[in-house]
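# Breakdown of the fold
Chain residues, written in single-letter form:
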Amino acid sequence: MRRVFRAVHMLCMGFAAIVFLGQLAMVLMRYLLGFGFLEIQDAVNYAFATLVALSVAVSFDADKHVRVDVFRQNWSARTNRRVDWLGYLLLALPVFALMLWTAFPLVRSSWAILEGSPETGGLPGLFLVKTCLVILPALVVIFTLQKLFGAIRRNDS
C-alpha cells in the first residue's frame with residue numbers, strides 16, 4: 001500500500017508541474033504573443049482537477065489533513081489516537097464511502113461515452129479525469145481501514 005501512495009504522490013507532483021508550466025505558457029502566449037491554445041487550457045484544467053482530487057488522499061496518508069490542533073496539543077497521545085479513530089469511523093469512512101457510491105454512476109456514464117472536453121475543439125479524455133472521483137474515495141477508504149485494522153491488531157487503546 002505504501003508504494004501506491006508513493007506513486008500517487010509522484011503523480012501529484014507531476015500534475016503540479018503541468019499546472020504551473022501550462023499556466024505560465026498560456027499567460028506568456030496570450031499576453032506576449034497574442035494567441036493561445038485551447039488544448040493547453042484543457043490540459044491545465046485536467047491536471048488541476050486531478051491534482052486536487054489525488055492530493056486529498058496524499059495529505060490523508062501523510063497525516064497532514066485538517067484537524068483542530070488547538071485541542072490536540074494539550075491531549076495525551078492516547079486521547080489523540082482515540083479522537084483519530086472516532087474521526088475515521090464517524091467521518092472519513094461514511095463520507096468517502098458515500099462519495100464512492102454516488103460518484104460511480106457518473107464515472108461509469110462518462111466512460112460509456114468516452115466524454116471529452118465541453119469546449120469545442122478541446123482535449124478528449126475528460127472521462128479519465130472523472131475517474132479520480134472514484135480513485136480518491138477508494139484510496140481514503142482503504143487507508144482508513146488499514147489504519148483501523150492496524151490499530152486493532154496492535155491493540156492500541
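What counts as what
- Residues numbered from 1 in each chain as written.
- Predicted model: local features only at pLDDT ≥ 70, side-chain atom pairs only at ≥ 80, totals over all residues.
- Heavy atoms only, no water.
- Salt bridge = Lys/Arg side-chain N within 4 Å of Asp/Glu carboxyl O.
- Helix = DSSP H or I, 4+ residues; strand = E, 2+ residues; numbered from the N terminus.
- Buried < 20%, exposed > 50% of the residue type's maximum accessible area, 1.4 Å probe, protein only.
- Phe/Tyr/Trp six-rings, centres within 6.5 Å; stacked < 30°, edge-to-face > 60°.

### A look at the pattern of salt bridges
Here the structure, examined in full by the defined rule, presents two salt bridges. A salt bridge links D61 to R2; the nearest nitrogen and oxygen atoms lie 2.8 Å apart. Highlighted residues: D61 in helix α2 (residues 38–61) and R2 in helix α1 (residues 2–33), separated in sequence by 59 residues. Given a relative accessible area of 16%, D61 falls into the buried group. On the basis of relative accessible area, R2 is assigned to the partly exposed category, the value being 46%.

### A short note on the packing of aromatic side chains
Using the criterion set out here, one finds six aromatic pairs in the structure. Pairing F35 with F37 gives two aromatic rings, centres 5.7 Å apart and planes at 85°, and the pair type is edge-to-face. For F37, a relative accessible area of 42% gives the class partly exposed. Aromatic pair F60 and Y88: ring centres 6.1 Å apart, planes at 55°, arrangement tilted. Taken together, the positions of F60 in helix α2 and Y88 in helix α4 (residues 77–112) put the pair 28 residues apart, joining distant regions of the chain.

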